[in-house]
Amino acid sequence: MSEELIPETPEQETEENEAAEPIKQRKNGLYPGVSDELAENMKSGWADTELHGLEPIAQAAHTAARRAALSARFPGERLVIPAGNLKTRSNDTEYAFRASTEYAYLTGDQTQDGVLVLEPAGDSGHRATIYLLPRSNRENGEFWLDGQGELWVGRRHSLAEAEQLLGIPAKDVREIAAALAEASGPVRNVRGHDAAIEAALTDKVTAERDEELRVYLSEARLVKDAFEIAELQKACDATARGFEDVVRSLDKAEATSERFIEGTFFLRARIEGNDIGYGSICAAGPHATTLHWVRNDGAVRAGELLLLDAGVETNDLYTADVTRTLPINGTFSPLQRTIYDAVYEAQEAGIAAVKPGASFRDFHDASQRVLAEKLVEWGLLGDLSVDKVLELGLQRRWTLHGTGHMLGMDVHDCAVARTEAYVDGVLEPGVCLTVEPGLYFQADDLTVPEEYRGIGVRIEDDILVTEDGNRNLSDKLPRRADEVEAWMAQLKG
Ligand code: GLY
Ligand code: MN
Ligand code: MN
């Protein structure tokens, strides 16, 4: 941060309180210490940088089709979909901005404070407008004196440029409150992203109707279009390279901690994508039995396993979600391998159950059955039959979680879809989900032999349902134990 860039003037030096006040609170007004001469000077002498003839973004045709489907679902209603706002991290610094999934899905844009409005337009459906902050005004000093001025935060697209890129007419976001206040007729808003928009609409919307919009937008994303599938493939490919980076740097992780693994993967995510799609789980040794181990501050020891669950999020916000469980020294011990092979077999059975026409629950059931068989075979469930174990759900002491979930812009995508559309739904081409069985023996689990305790294994891949079965988008990473060992040996050199 460069608060020092605030222009120095004699007045500032004498008015200490004024000088200390963050410039960000001085929206749309001249900084008091600015002389008339400096203010005049800063107005001019700037080149016209307007861009002309811009090509639409790669997904423009897809976002138009998504808006058309949304329009058809809610005829005659005004629909308001905000990107969300910056969130304070501390004092005057903010977290990195990540646009709301709904907004990015419908526009391809990721600008903070942006709002998409679909306004009813009679028989032709809806008229879309995207509300954005335009280029900074140089006449009133906003350009260099406002916290969101382009001198501080960088050049934005002009509204005309945004229109060309997104294929959506653009207006100044500072007009939206008035536009919504004047709006008549039914309105729905995606809640949870922009408190100011919600405040402007309190008298016009209901929670129930807003929720229907959110549910629709969750279910619309169940089947991915061609752009989305390509993005998910890109995310998986970058993720595979991130896993390779981690294997290459395992000796450095051993010398430091799980943090080295987290940082190594994050570097790949930032080089090839926007971010990680969720907090990386870099779980060495017994931490692998903690499902959401994101503290990543533990030791990395030869002879133990590393469970790495991580995904690169692409620049258009599609994330992979991949797990590999790796022997830190490059070779599974006999017991590690037995447990690993069981999870691998369960994953194979799960992946085989992913196909058009199958129910969403089938791959979970297939994986759970294999895991229950193994647990019975190892004598961990007494004399019970596999069927009885499954009926009572006793395997869950060690399998812990569901075998997978939808994947897309959100790692747990389509999360507010109705049960009948998702959990009780039927798979069709274009659905993308994870298959991620695991076995976890807690370090303090007295019901298993001592040598099992502290071992956790998960294998997770991203599977696209195709016309004739499925495609493993993350198959650039090996899964079978011997292939994992060979791959690690090659990378470790
Ligand atoms: N990384 C979270 C999950 O696997 O669902
Ligand atoms: Mn995962
Ligand atoms: Mn997952």
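Residues numbered from 1 in each chain as written. Chains lettered and ligands numbered in written order. Predicted model: local features only at pLDDT ≥ 70, side-chain atom pairs only at ≥ 80, totals over all residues. Heavy atoms only, no water.

1. Focus: unusual backbone geometry
Step number 1: One non-glycine residue, aspartate 113, lies in the positive phi region at around 70°.
Step number 2: Within the secondary structure layout, aspartate 113 lies in the loop between helix H5 (101-107) and strand E4 (115-120).
Step number 3: A residue is classified by how much of its surface remains accessible, and aspartate 113, at 29% relative accessible area, is partly exposed.
Step number 4: Phi at asparagine 296 takes a positive value of approximately 50°, unusual for a residue other than glycine.
Step number 5: If you trace the backbone, asparagine 296 turns up in the loop between strand E9 (281-284) and strand E10 (305-310). (Helix = DSSP H or I, 4+ residues; strand = E, 2+ residues; numbered from the N terminus. Buried < 20%, exposed > 50% of the residue type's maximum accessible area, 1.4 Å probe, protein only.)

2. A closer look at the site of ligand 1
Step number 1: Close to ligand 1 lie Tyr278, Asp309, Asp321, His405, His412, Glu436 and Glu460, which account for all nearby residues.
Step number 2: Glutamate 436 is positioned such that a nitrogen or oxygen atom in its side chain is 3.0 Å from an oxygen atom of ligand 1.
Step number 3: Glutamate 460 is positioned such that a nitrogen or oxygen atom in its side chain is 3.2 Å from an oxygen atom of ligand 1.
Step number 4: Taking 190 Å² as the accessible area of ligand 1 by itself, protein coverage stands at 90%.
Step number 5: Split into classes, the residues belonging to the shell around ligand 1 amount to one nonpolar, two polar and four charged. (Near = heavy atom within 4 Å. Polar contact = N/O pair within 3.5 Å; in protein donor to acceptor, adjacent residues only side chain to side chain. Areas by Shrake-Rupley, 256 points an atom, 1.4 Å probe, with all protein chains shown as cover. Nonpolar A, V, L, I, M, F, W, Y, C, P; charged D, E, K, R; others polar.)

3. Some points on the coordination of the manganese ion (ligand 3)
Step number 1: Surrounding the manganese ion (ligand 3) are the protein donor atoms Asp321 (OD), His405 (NE2), Glu436 (OE) and Glu460 (OE), at 2.0 to 2.2 Å.
Step number 2: Geometry at the manganese ion (ligand 3) is irregular, judged from the six donor atoms that bind it and their angles of 52 to 154° at the metal.
Step number 3: Along the chain, the residues donating to the manganese ion (ligand 3) are arranged with the sequence spacing D-x83-H-x30-E-x23-E.
Step number 4: In this model, the manganese ion (ligand 3) sits 3.3 Å from the manganese ion (ligand 2), the two metals being bridged by aspartate 321. Of this pair, histidine 405 sits in the loop between helix H18 (396-399) and strand E13 (432-435) while glutamate 436 sits in the loop between E13 and strand E14 (438-440), and the two are 31 residues apart along the sequence.
Step number 5: Given a relative accessible area of 9%, histidine 405 falls into the buried group. (Donors = N, O, S within 2.8 Å, 3.2 Å for Na, K, Ca; no water. Tetrahedral: all angles 85-135°; square planar, octahedral: opposite > 155°, others 65-115°.)

4. Looking at the pattern of salt bridges
Pairs can form between side chains of opposite charge whenever their charged atoms are close.
Step number 1: Per the stated rule, a full pass over the model turns up 39 salt bridges.
Step number 2: In this structure, aspartate 225 and arginine 66 form a salt bridge, with 2.9 Å as the shortest nitrogen-oxygen distance. With aspartate 225 in the loop between helix H11 (207-220) and helix H12 (226-248) and arginine 66 in helix H4 (residues 60-73), this pair connects stretches of sequence that are 159 residues apart.
Step number 3: The buried category is assigned to arginine 66, whose relative accessible area is 5%.
Step number 4: Arginine 188 is the partner of glutamate 212 in a salt bridge, and the nearest nitrogen-oxygen pair spans 2.7 Å. Of this pair, glutamate 212 sits in helix H11 while arginine 188 sits in strand E7 (residues 187-189), placing them 24 residues apart in sequence.
Step number 5: Residue class for arginine 188 comes out buried when judged on its relative accessible area of 5%.
Step number 6: Connected through shared salt-bridge partners, Arg241, Glu244, Asp245, Arg248, Arg268 and Glu272 make up one network. (Salt bridge = Lys/Arg side-chain N within 4 Å of Asp/Glu carboxyl O.)

5. Here we look at the packing of H4 against H11
Step number 1: In the contact formed by H4 and H11, the axes pass within 11 Å of each other and the chain directions differ by 140°. In terms of orientation, H4 lies oblique with respect to H11. Regarding H4 and H11, the two cross each other, and that crossing is right-handed. Every residue of H11 that contacts H4 at Ala69, Leu70 and Arg73 is listed here: Leu213, Tyr216 and Leu217.
Step number 2: In terms of residue class, the contact of H4 with H11 is built from five nonpolar, no polar and one charged. (Axes fitted to C-alpha atoms, helices over the stretch in contact; angles between N-to-C directions. Parallel < 35°, antiparallel > 145°, perpendicular 65-115°, else oblique. Left-handed = near helix turned anticlockwise from the far one by under 90°. Contact = heavy atoms within 4.5 Å.)

6. Points about the coordination of the manganese ion (ligand 2)
Step number 1: Each protein donor to the manganese ion (ligand 2) is listed here as Asp309 (OD), Asp309 (OD), Asp321 (OD) and Glu460 (OE); together their distances run 2.0 to 2.3 Å.
Step number 2: Seen from the manganese ion (ligand 2), its six donor atoms lie at angles of 58 to 169°, and the figure they make is irregular.
Step number 3: All donors to the manganese ion (ligand 2) come from one chain, and their sequence spacing reads D-x11-D-x138-E.

7. Quick notes on the environment of serine 136
Step number 1: Along the chain, the position of serine 136 falls in the loop between strand E5 (126-132) and helix H6 (142-145).
Step number 2: What makes serine 136 buried here is its relative accessible area of 8%.
Step number 3: Distance in space between the C-alpha atoms of serine 136 and alanine 299 is 50 Å, their sequence separation being 163 residues.
Step number 4: For serine 136, the contacting residues outside a window of four places in its chain are Glu142, Phe143, Gln148, Gly149, Glu150 and Arg156.
Step number 5: Reaching out from serine 136, the side chain makes a polar contact with the backbone nitrogen of glutamate 150 at a distance of 2.9 Å.
Step number 6: A polar atom in the side chain of serine 136 sits 3.1 Å from the side chain of arginine 156.

8. Observations regarding the sheet that holds strand E6 (residues 170-172)
Step number 1: The sheet built from five strands is open, its strands ordered E6-E5-E4-E1-E7 with mixed pairing. The open sheet has two free edges, formed respectively by E6 and E7, since each of these has just one partner strand. This sheet shows a mean twist of 25° between the axes of neighbouring strands, independent of strand direction.
Step number 2: As paired elements, strand E1 (residues 78-82) and E4 share four bridges and run antiparallel to each other. Pairing of isoleucine 81 across the sheet is with leucine 116, part of E4.
Step number 3: The strands touched by H4 are E1, E4 and E5; relative to E4, the strand with the most contacts, the crossing angle is about 50°. (Pairing = 2+ DSSP bridges.)

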